[in-house]
Amino acid sequence: MPRNDGVRFTSSSVKIRHLSPPPLLLDFLSASHDPTSPLAGTARLLARFIGSFKHREREREHWLGPKSPLLSSLSLSLARPRKLPPLCSASLSLSQPDGTALADPGYKESPAVPPVESAQSEFEARKGQSVSRHDEERVLISEVLVRNKDGEELERKDLEMEALQALKASRPNSALTVREVQEDVHRIIDSGYFCSCMPVAVDTRDGIRLVFQVEPNQEFYGLVCEGANVLPSKFLENALRDGYGKVVNIRRLDEVINSINGWYIERGLFGLVSDVEILSGGILKMHISEAEVNNISIRFLDRKTGEPTTGKTKPETILRQLTTKKGQVYSMLQGKRDVETVLTMGIMEDVSIIPQPVGDTGKVDLVMNVVERKSGGFSAGGGISTGITSGPLSGLIGSFAYSHRNVFGRNQKLNISLERGQFDSIFRINYTDPWIDGDDKRTSRTIMVQNSRTPGSNVHNQAEHGNLTIGRVTAGVEFSRPIRPKWSGTTGLIFLRSGVRDDKGTPVIKDFYNSPLTASGNTHDDSLLAKLETVYSGSGDRGSSMFAFNMEQGIPVLPEWLFFNRVNARARKGIEIGPAHFVLSLSGGHVVGNFSPHEAFAIGGTNSVRGYEEGAVASGRSYVVGSGEVSFHLVGPVGGALFADYGNDLGSGPTVPGDPAGARFKPGSGYGYGVGIRVDSPLGPLRLEYAFNDRKAGRFHFGVGHRN
């Protein structure tokens, strides 16, 4: 946002000295002791921060000199009982009919005597009787007037009416006490239009005339704002636009101040109005104090003792993740997002930000306390592959992995893993730098090498004629970076060699139905893929909106290398309908060119059309699959779901080399519907579903994790 030091508009010297921060700000600043929250420890900061405002105000304080008091026998002192400081003093003067007035013995000579008590003493002296605080003597008032400080009629009758309407006790032909007069003076001041009010009682032939001598505030003709570095000029202009050319109303000004403070609170910013002054000429001078970030430092804490220690992570690796920078006005909401960003790096166990004031400068130092996780180690586990649907150990997978999440202290990650099942296996090496050094676009780089073997049943199912497995060797590099909020992009270059083997491990080039298994006619196909992908992700929850588009282009570096283009898109939208959650998803794709038959789009199965085996609906160059699901909570971690799926190969099955779908009598389209149970477990969401297809056949499906 632009700096607003020079903001000016084109409303006396009344000065509002110290403005306390709104209670909501205090509550906000001291509300959390969560170690991952940037609000921790800010109560002490605020006390010192606001103290700096007080110190600044004491240095700049310049009140107008006191007015010469009227000679009176009854004297009242008035302090405005509001958040704003005293704006006036008032004295009730009782004059003799000849114009002379009695001296006020308690005005200067007895400053320690409270004004109200002094007034009562004078009243007692004149009446010659004792009047207690609870039994004050009343004086009959014959007439009540509002005049200016010189005793003349006000030029503006609307201000006179405002003062008269503020009166409650002071009415003609009423008997008043000093206290009631004092309360009416308070009411006139509380109307906000006047900077002083002096009640004067004049003894006349017709009785005692009570005159309220008031001094209206000036008219507002301009604003000078200092220190507002992030507050938009338009906000100030809109807040004060209605008051231009009108008498300054202190109550309205108080609302404007609260709205400005509220603007800072809503955005979690350390800032508030610290000084307001109405200058001669109708110019309103406002000073806003904002706490700028002076320095940001990283402090590593021991996981067990909580004491400072030496960390393995490079401080600059953490600092570059922060959106809060030196010289900015400190935002607690921005600090909270920075804490969450550092936690998502995956190398920290605990993160918190502690703001600390820098003397009386109005600036803050930020200390980020971090507790590092163990950087790496070995792990073993198991899982289920939903692509395997036959055999005594159907779908079971064992895994073994080594990972290091903070290589060289720069948050670079190394993963080496091996997964092996009854028919499939994957050996993978991944090295990821989540933020390439020197890049300001947060570009990440991943280098991967992978050797995998997966069942070929999705496209080339041979049932009793033996199982085929597809072997793939992959190596490449990918670059990813955020494009816009919630959007990310990936590009890469990948070499792929794939081939098919039978259950004895012998390379084969045709299946039982004499359909080719490779596009080149050799025992393996080679291709160099240029990859481009963009992903939109909403909140990241299962039912949130999502869109992904992927394109792969085969580059024929050598004549026998494959030349093709493949596009694939997926979209998902979640809608809350009362206690239920509705999710609609749609996916589709198309391949142009010469590609391996086993790379055809397979339709049917747990993550496609339920009620069918994997790939049993179709396998083609093109496809579209739609799904609708309504889920609802049942009890504890258990939920239920109703779903329906539909898939179609758009008539592209015969265009796949060898027409493997036609040889296996796949229908090319189909739908399924059923019910399911969802269980939140330590392994992730577990899905147990039973679905019927359009051929009236039923089938159980089991999966781990959310559907793709």
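Note that the structure is predicted; figures quoted are calculated from it, not measured.

All right, on to the side chain of Asn369 then. Residue position: Asn369 is located in strand β13 (residues 364-372). A relative accessible area of 10% means that Asn369 is categorised as buried. In terms of polar contacts, Asn369 uses its side chain to reach the side chain of Arg299, at 2.7 Å. Not counting residues within four places of it along the chain, the set of residues in contact with Asn369 comprises Arg299, Leu301, Asp350, Val351, Ser352 and Ile354.

Read from one edge to the other, the open sheet built from four strands follows the order β11-β10-β13-β12, with strand pairing classed as mixed. Strands with a single pairing partner mark the edges of an open sheet, and in this sheet they are β11 (308-309) and β12 (348-357). Note: strand β10 (residues 293-301) against β11, two bridges, orientation antiparallel. Within the sheet, the bridge partner assigned to Leu301 lies in β11 and is Pro308. Sheet strands in contact with helix α9 (residues 332-344) are β12 and β13, and its direction is about 155° off that of β12.

Quick look at the packing of aromatic side chains now. In the structure shown here, the tally under the stated rule is 14 aromatic pairs. On the numbers, 4.9 Å between centres and 50° between planes, the contact of Phe378 with Tyr402 is tilted. On the criterion of sequence distance, the pair formed by Phe378 in strand β14 (residues 376-384) and Tyr402 in strand β15 (residues 396-407) is long-range, its members being 24 residues apart. Take Phe378: its relative accessible area is 62%, and that puts it in the exposed class. When its relative accessible area of 25% is taken as the criterion, Tyr402 is described as partly exposed. Arranged with centres 5.4 Å apart and planes meeting at 90°, the rings of Phe512 and Tyr513 form a pair that is edge-to-face. Taking the relative accessible area as the measure of exposure, Phe512 reaches 48% and is therefore partly exposed. Three or more aromatic residues joined by ring pairs make a cluster, and in this case those are Tyr673, Tyr690, Phe692 and Phe700.

Opposite charge on two side chains permits pairing when their charged atoms draw close. Tallied over the full model, the rule gives 27 salt bridges. Across the pair Asp526 and Arg497 runs a salt bridge, and its minimum N-O distance is 2.8 Å. Pair noted here: Asp526 is in strand β22 (residues 524-537) and Arg497 is in strand β20 (residues 487-501), with a separation of 29 residues, a long-range link. When its relative accessible area of 10% is taken as the criterion, Asp526 is described as buried.

The residue Val473 is located in strand β19 (residues 469-484) in this model. Classification of Val473 by relative accessible area gives partly exposed; the value is 41%. Each C-alpha atom of the pair Val473 and Asp526 lies 9.7 Å from the other, and the pair is 53 residues apart in sequence. With residues near it in sequence (within four places) discarded, Val473 still touches Gln450, Asn451, Phe495, Leu496 and Arg497.

Once that is clear, we can look at the pairing of β20. In the sheet, β19 pairs with β20 via 15 bridges, with the strands oriented antiparallel. When the sheet's bridge partners are listed, Phe479 is paired in β20 with Thr491. Counted along the chain from β19 to the antiparallel partner β20, the turn is two residues long, and its residue Lys486 has a positive phi close to 75°. In this structure, β20 lies alongside strand β21 (residues 507-508), joined through two bridges in antiparallel fashion. Directly across from Arg501, in β21, lies its bridge partner Pro507. Taking the residues between adjacent antiparallel strands as the criterion, β20 and β21 are bridged by five residues, where Gly505 takes a positive phi near 90°.

We now examine the packing of helix α6 (residues 233-240) against helix α7 (residues 250-266). Packing of α6 against α7 leaves a shortest axis separation of 10 Å and a crossing angle of 155°. Here α6 lies roughly antiparallel to α7, going by the angle between them. Relative to α7, the crossing made by α6 is right-handed. Residue-level inspection shows Phe235, Leu236, Ala239 and Leu240 of α6 in contact with α7, the latter providing Arg252, Val256, Ser259, Ile260 and Trp263.

This brings us to the confidence of the model for the protein. Overall, the prediction assigns the protein a mean pLDDT of 81, with 78% of residues at 70 or greater. Contacts for the low-pLDDT stretch residues 1-135, under 50 throughout, to residues beyond four places or in other chains number 281 contacts. Predicted confidence for residues 387-393 stays below pLDDT 50, and this span has 17 contacts to residues more than four positions away or in other chains.

Turning to the side chain of Glu629, a few remarks are in order. Mapped onto the elements, Glu629 comes out in strand β28 (residues 622-635). With a relative accessible area of 11%, Glu629 lands in the buried category.

For helix α5 (residues 178-190), which comprises 13 residues, the first-to-last C-alpha distance of 18 Å matches the rise-based estimate of 18 Å (1.5 Å per residue) to within 8%. Burial in α5 covers these residues: Val178, Glu180, Val181, Gln182, Asp184, Val185, His186, Ile188 and Ile189.

Moving on, we come to the nonpolar core. Membership of the largest hydrophobic core comes to 25 residues, with the highest contact counts inside it found for Leu231, Ile260, Tyr264, Leu284, Met286 and Ile288. Elements represented by at least two residues in this core include exactly β7 (222-226), α6, α7, β8 (271-279) and β9 (283-290). The greatest single-element share of this core, amounting to seven residues, is contributed by α7. With 22 residues, the next largest nonpolar core counts Val144, Val146, Ile188 and Phe194 among its residues.

Parameters at a glance
Residues numbered from 1 in each chain as written. Predicted model: local features only at pLDDT ≥ 70, side-chain atom pairs only at ≥ 80, totals over all residues. Heavy atoms only, no water. Helix = DSSP H or I, 4+ residues; strand = E, 2+ residues; numbered from the N terminus. Buried < 20%, exposed > 50% of the residue type's maximum accessible area, 1.4 Å probe, protein only. Polar contact = N/O pair within 3.5 Å; in protein donor to acceptor, adjacent residues only side chain to side chain. Contact = heavy atoms within 4.5 Å. Pairing = 2+ DSSP bridges. Axes fitted to C-alpha atoms, helices over the stretch in contact; angles between N-to-C directions. Phe/Tyr/Trp six-rings, centres within 6.5 Å; stacked < 30°, edge-to-face > 60°. Salt bridge = Lys/Arg side-chain N within 4 Å of Asp/Glu carboxyl O. Parallel < 35°, antiparallel > 145°, perpendicular 65-115°, else oblique. Left-handed = near helix turned anticlockwise from the far one by under 90°. pLDDT = per-residue confidence, 0-100. Expected span 1.5 Å × (residues − 1). Core = buried A, V, L, I, M, F, W, Y, C linked by side-chain atoms within 4.5 Å.

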